[in-house]
Amino acid sequence: FCDGPTLGDWLTMHPGHVAVDEAVDIVQQLAEAVAHAHSRGLVHRDIKPENVMMSPAEQRDTSLRFIPRLTDFGLAGALINTRKSASPLSLVGTLGFMAPELVLGQQTEPHPVCDVYALGVLMYQMLTGHLPHQVTSTLELMKSICTKDIALPCAIRPMLPADIEAICMKCL
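Counting restarts for each chain, with residues numbered from 1 along the sequence as it is written. Residue-level local features of this predicted model are given only where pLDDT is at least 70; pairs of side-chain atoms are given and counted only at 80 or more, and the full residue set underlies all totals for whole chains, interfaces and linings. Only heavy atoms go into the side-chain values, all of them from the structure, while hydrogens and water stay out.

Caption draft 1: The arrangement of the overall build of the protein in detail. A run of H or I in DSSP becomes a helix once it reaches four residues, and a run of E becomes a strand once it reaches two; helices and strands are each numbered from the N terminus. Looking only at helices and strands, one finds seven helices and four strands in the protein. Its helices and strands in sequence order give the protein the pattern α-α-β-β-β-β-α-α-α-α-α, from N to C terminus. Type-normalised accessible area, obtained with a 1.4 Å probe on protein chains alone, sets the label of each residue: buried when under 20%, exposed when over 50%, and partly exposed for intermediate values. Sorting the 172 residues of the protein into buried and exposed places 41% on the buried side. Between two residues, a contact is recorded if the distance between any of their heavy atoms is within 4.5 Å. Across the protein, the fraction of contacts at a sequence separation of at least 24, relative to all contacts at a separation of at least 6, is 67%. What sets the accessible areas is the Shrake-Rupley method with a 1.4 Å probe; for residues, cover comes only from the shown protein chains. Surface summary for the protein: the accessible area is close to 9,400 Å², and the carbon and sulfur share equals 57%.

Caption draft 2: Region of the structure containing helix α2 (residues 20-39). Helices are assigned an expected span. That span is 1.5 Å times one less than the residue count. Taking 1.5 Å as the rise per residue, α2 with 20 residues should run 28 Å; its terminal C-alpha atoms sit 28 Å apart, in good agreement. Along α2, the residues that are buried comprise Val 20, Glu 22, Ala 23, Asp 25, Ile 26, Val 27, Leu 30, Val 34, Ala 37 and His 38. The secondary structure elements touched by the buried residues of α2 are α1 (7-13), β1 (42-43), β2 (52-56), β3 (66-70), α4 (112-128) and α7 (162-171). Immediately downstream of α2, the backbone of Gly 41 shows phi near 85°, a positive value.

Caption draft 3: Just unusual backbone geometry, in detail. Of note in this structure, Arg 45 is not a glycine but carries a positive phi near 75°. Here Arg 45 is to be found in the loop between β1 and β2.

Caption draft 4: The pattern of salt bridges, seen in detail. We define a salt bridge as a side-chain nitrogen of Lys or Arg found within 4 Å of a carboxyl oxygen belonging to Asp or Glu. Considering all chains together, one arrives at two salt bridges under this definition. A salt bridge links Glu 22 to Arg 65; its shortest N-O distance comes to 3.7 Å. One end of the pair, Glu 22, is in helix α2; the other, Arg 65, is in the loop between β2 and β3, and 43 residues separate them in sequence. Among the salt bridges present, the one from Lys 48 reaches Asp 46, with a minimum N-O distance of 3.7 Å. Asp 46 carries the same exposure label as Lys 48, and that label is buried.

Caption draft 5: Local environment of α4. Over its 17 residues, α4 extends 25 Å from the first C-alpha to the last, a length consistent with the 24 Å expected when each residue adds 1.5 Å. Across the 17 residues of α4, 14 count as buried, placing the element largely inside the fold. A positive phi of about 95° marks Gly 129, the residue just after α4.

This is the structure we're talking about:
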């Protein structure tokens, strides 16, 4: 049981961008959780704000008032998948957080870089206040993910530290 809102709820309650140190702390803790899952042979495949619970921090060894906890491993796949491969036409996860290679059907087996991409989308959303691809239809979103360049976070938030932007864009 994780007490507290999801990161999606928390972002809705705090519209706009998140303080840089908070966004970095959240992504760092989630990256550690993802690295742990990867070290155990699992790829999450659906990292998004709604799958992160914000539990109140019991100890004060963190600058955050809460601890982000990655949840919902219902779509997780094994790195070495013994099941039949997914069809290139089947998308697994939440489209706005999917890596281009997944959308294009080039990557049908679970792969850790897809989780890294999703962490980058989540970081981008927290740093800028919105997702990297903003379109209204599913088809347009797929096209944008696969063909459009992502605006640099500093174009939206000019005082953003260059190293933080570089980390975010490296993930993407």
